[in-house]
Amino acid sequence: MRIRNLLGAGRPRSAAALATAVATATLVSLASIGGADAAFTASQRLATPNDDPSASPGIADPGVVTDPSTATFVSLSTGGRGQVWTSRNAAGPWVRQTRPALASYPGWAKAADPKDQQSIWAPAQIQLTSGPHAGTWVMFFSAVRVNGPTQKRCIGVAWSSSPTGPFTVQDDDAPLICPGGSLVQDPVPDAPNVREGVIDPTPRLLWVDGSQGLYLSYKTTGKPSSIQLVQLDIATGGTTTVGRSHQLIRYSGNQENPVIVQRGGSSTSNGTYTLFTSEGNFHSCAYATRWRSSHRLWAWRDQAGTVLAFDPPARDGATCGTGDADVVPSKDGTTWRILYSGRYRAGRTLAQARVDNVGDCSHSDCYPFHLYVGELTWRGATPSVTDLLAAG
C-alpha cells in the first residue's frame with residue numbers, strides 16, 4: 001500500500017508541491033472498503049477507461065484501518081511526521097487532521113527538510129488484540145537515520161491509545177529495523193546491501209502453525225531488492241523481535257510494498273497466504289501489482305509472482321499503473337477490497353499534462369496519482385480484481 005510520491009518518483013518533490021496536491025484533496029472519497037455490501041452496484045462500476053476515480057492524490061502511501069470503538073475509518077499516509085485522515089464511513093468524505101501521526105521525530109532520525117525529502121514514509125498501524133498491551137495501536141514507519149549513508153531509511157515503532165494518534169516513539173535511541181545497524185532488534189542479516197535502507201513496513205496478525213502472532217513485512221531498498229519478514233513479540237507491544245528476520249523474495253529489479261493476506265487461518269489451519277508486491281518503475285504505467293500464494297508463511301517458491309488480473313480484461317486499461325496496493329477485508333469479513341495507485345489521465349495528452357505540471361515531469365509521472373478501489377475475489381488461490389468503484 002505504498003504511494004511513495006504523489007507527484008513523481010521515489011520521494012515527495014517539495015513541501016510546496018505536496019501542499020498543493022493535498023489542498024486539492026482536502027476531502028477525498030474511497031470506495032466501501034469496509035462496508036457490508038457484497039459487491040459494487042452496477043452504477044458504481046467504471047464504465048470506460050480512465051473514468052474519474054473515487055479518491056485523490058492527497059493520500060500518499062495510505063494505510064487504512066477501522067477503529068472498532070467508533071466505526072471510524074483512519075488512514076495514515078506519507079508526509080511530515082505522518083499524515084492522518086479520517087472518515088465516519090468508508091465512502092468518505094475523508095478529512096485530513098491537522099495533528100501529525102508522530103508526536104515527535106525519534107532521536108535516531110533526521111527531521112523533515114524544506115524539500116520534504118526526509119519525511120516519514122508509509123506509516124502503517126495495527127491494534128493489538130491480546131497480551132499486556134491489548135487495545136494499543138502500534139504504528140511502524142520509515143525515517144532517514146542520523147549519521148548513516150545519505151538518505152538511508154530505517155523502520156521505527158510507536159504507540160498510541162488511538163488510531164489517530166499522537167503516536168509516541170518507543171525507542172528514541174535506535175530504530176527497530178536497520179540493515180547492518182547496531183543496537184537494533186533486526187539488523188537484516190541477509191540484506192542484499194547493508195548500506196541500503198528499509199521501507200514499506202506492513203504489520204499483520206497471522207495464524208502460523210496453531211498460534212497467532214504479529215508479523216511485519218518490509219522491503220530493502222536498492223537493487224537487487226528483497227522482501228523481508230520478521231515476527232515481533234506481542235508481549236512487548238511489537239518493540240522486540242522473535243528470532244531473526246528472513247528473506248522471502250529476492251529480485252534483481254524492484255519489488256516493494258509487501259502485503260500479506262491470510263485466508264482460512266485458524267488455530268488448526270494455516271489456510272492460504274497471499275503475498276502482494278509492486279513491481280517496476282514507480283514512474284511507469286507498467287508499475288503493477290503481483291501476487292503469489294503459499295501454505296507456508298516462510299517459504300515462497302514462486303519468487304517472481306503473477307501480475308494481478310482485472311476481469312474482464314477490458315478493465316486493464318482503466319488506469320495507468322496498478323501498483324502500491326493494500327488489501328483489506330470488509331467490516332463483516334465476507335469480501336475484500338484492494339486500494340491501489342493509478343495515474344489519472346482525464347483524457348489529456350502527455351503535452352497537456354506537462355503544461356498542467358508546469359513542466360516538472362518527464363513521462364507518465366506527469367499524470368497525477370489517484371487512489372482506486374476495487375473488489376478483490378479469489379478463484380481457488382488466484383486473486384483478481386472484478387470491479388472498480390467510480391466517483392460519486
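Since the structure is predicted, the reported quantities are computational estimates derived from the model, not experimental observations. (Residues numbered from 1 in each chain as written. Predicted model: local features only at pLDDT ≥ 70, side-chain atom pairs only at ≥ 80, totals over all residues. Heavy atoms only, no water.)

(A) Focus on the pairing of strand β22 (residues 382-388). Buried residues dominate β22, accounting for 6 of its 7 residues. By the bridge criterion, 2 bridges tie strand β18 (residues 309-310) to β22 in an arrangement that is parallel. When the bridges of β22 are listed, F310 appears paired with V385. (Buried < 20%, exposed > 50% of the residue type's maximum accessible area, 1.4 Å probe, protein only. Helix = DSSP H or I, 4+ residues; strand = E, 2+ residues; numbered from the N terminus. Pairing = 2+ DSSP bridges.)

(B) Structural detail: the confidence of the model for the protein chain. Chain-level pLDDT for the protein chain is 78 on average; 71% of the residues reach the 70-or-more range. Note that pLDDT drops below 50 for residues 1-56; the model gives that stretch 204 contacts with residues more than four away or on any other chain. (pLDDT = per-residue confidence, 0-100. Contact = heavy atoms within 4.5 Å.)

(C) The pairing of strand β7 (residues 137-144), seen in detail. Here β7 lies mainly inside the structure; 8 of its 8 residues are buried. Burial of the side chains of β7 extends over both faces: W137, M139, F141 and A143 are buried on one face and V138, F140, S142 and V144 on the other. As judged from the 5 bridges shared by strand β6 (residues 121-127) and β7, these two strands associate in the antiparallel manner. The residue bridging Q125 from the neighbouring strand is M139, located in β7. As defined by bridge partners, β7 adjoins strand β8 (residues 153-160) across 8 bridges and the pair is classed as antiparallel. Within β8, the position partnered with W137 by the bridge is S160.

(D) Highlighting the state of the cysteines. Applying the stated rule across the entire model yields 1 disulfide. A sulfur-sulfur distance of 2.0 Å marks the disulfide that ties C154 to C178. Highlighted residues: C154 in strand β8 and C178 in the loop between β9 (168-169) and β10 (198-208), separated in sequence by 24 residues. Here the two residues C154 and C178 agree in accessibility, since each one is buried. (Disulfide = S-S within 2.5 Å.)

(E) The arrangement of the environment of V385 in detail. Tracing the chain through its elements places V385 in strand β22. The exposure class of V385 is buried, given its relative accessible area of 1%. Distance in space between the C-alpha atoms of V385 and I338 is 7.9 Å, their sequence separation being 47 residues.

(F) Layout of the nonpolar core. By size, the foremost hydrophobic cluster in this structure holds 21 residues, and its most contacted members are L102, M139, F141 and F167. Those elements giving two or more residues to this core turn out to be β3 (72-77), β7 and β8. Broken down by element, the residue count for this core peaks at 4 residues, all from β7. Apart from the residues lying within four places of it in its own chain, the contact partners of L102 are R81, I120, M139, F141, A158, F167 and V169. Core analysis: the next-biggest nonpolar cluster, separate from the first, contains 18 residues, V138, V157, I177 and L232 among them. (Core = buried A, V, L, I, M, F, W, Y, C linked by side-chain atoms within 4.5 Å.)

(G) Here's a closer look at the packing of aromatic side chains. Evaluated as defined, the whole model comprises 3 aromatic pairs. Considering the side-chain rings of W108 and F141, the 6.1 Å spacing of their centres and the 10 degrees angle between planes classify their relative orientation as stacked. Of this pair, W108 sits in the loop between β5 (94-96) and β6 while F141 sits in strand β7, and the two are 33 residues apart along the sequence. For the pair W108 and F141, a shared accessibility class is recorded, and that class is buried. Their ring planes at 75 degrees and their centres at 5.7 Å tell us that W336 and W378 sit as a pair that is edge-to-face. Separated by 42 residues along the polypeptide, W336 in strand β20 (residues 336-343) and W378 in strand β21 (residues 369-379) bring together distant segments of the chain. By the burial criterion, W336 is buried, and W378 matches it. Above the plane of the ring of W121 lies R153, whose end atom (NZ or CZ) is 3.8 Å from the centre. (Phe/Tyr/Trp six-rings, centres within 6.5 Å; stacked < 30°, edge-to-face > 60°. Lys NZ or Arg CZ within 6 Å of the ring centre and 35° of its normal.)

(H) Spatial organisation of the sheet that holds β10. Strand order across the open sheet formed by 4 strands is β10-β11-β12-β13, with antiparallel pairing between neighbours. Among the strands making up the open sheet, the edge pair consists of β10 and β13 (246-251). The mean angle between the axes of side-by-side strands here comes to 20 degrees, regardless of whether they run parallel or antiparallel. Alignment of strand β12 (residues 225-232) against β13, held across 5 bridges, turns out to be antiparallel. Within the sheet, the bridge partner assigned to I227 lies in β13 and is I249. (Axes fitted to C-alpha atoms, helices over the stretch in contact; angles between N-to-C directions.)

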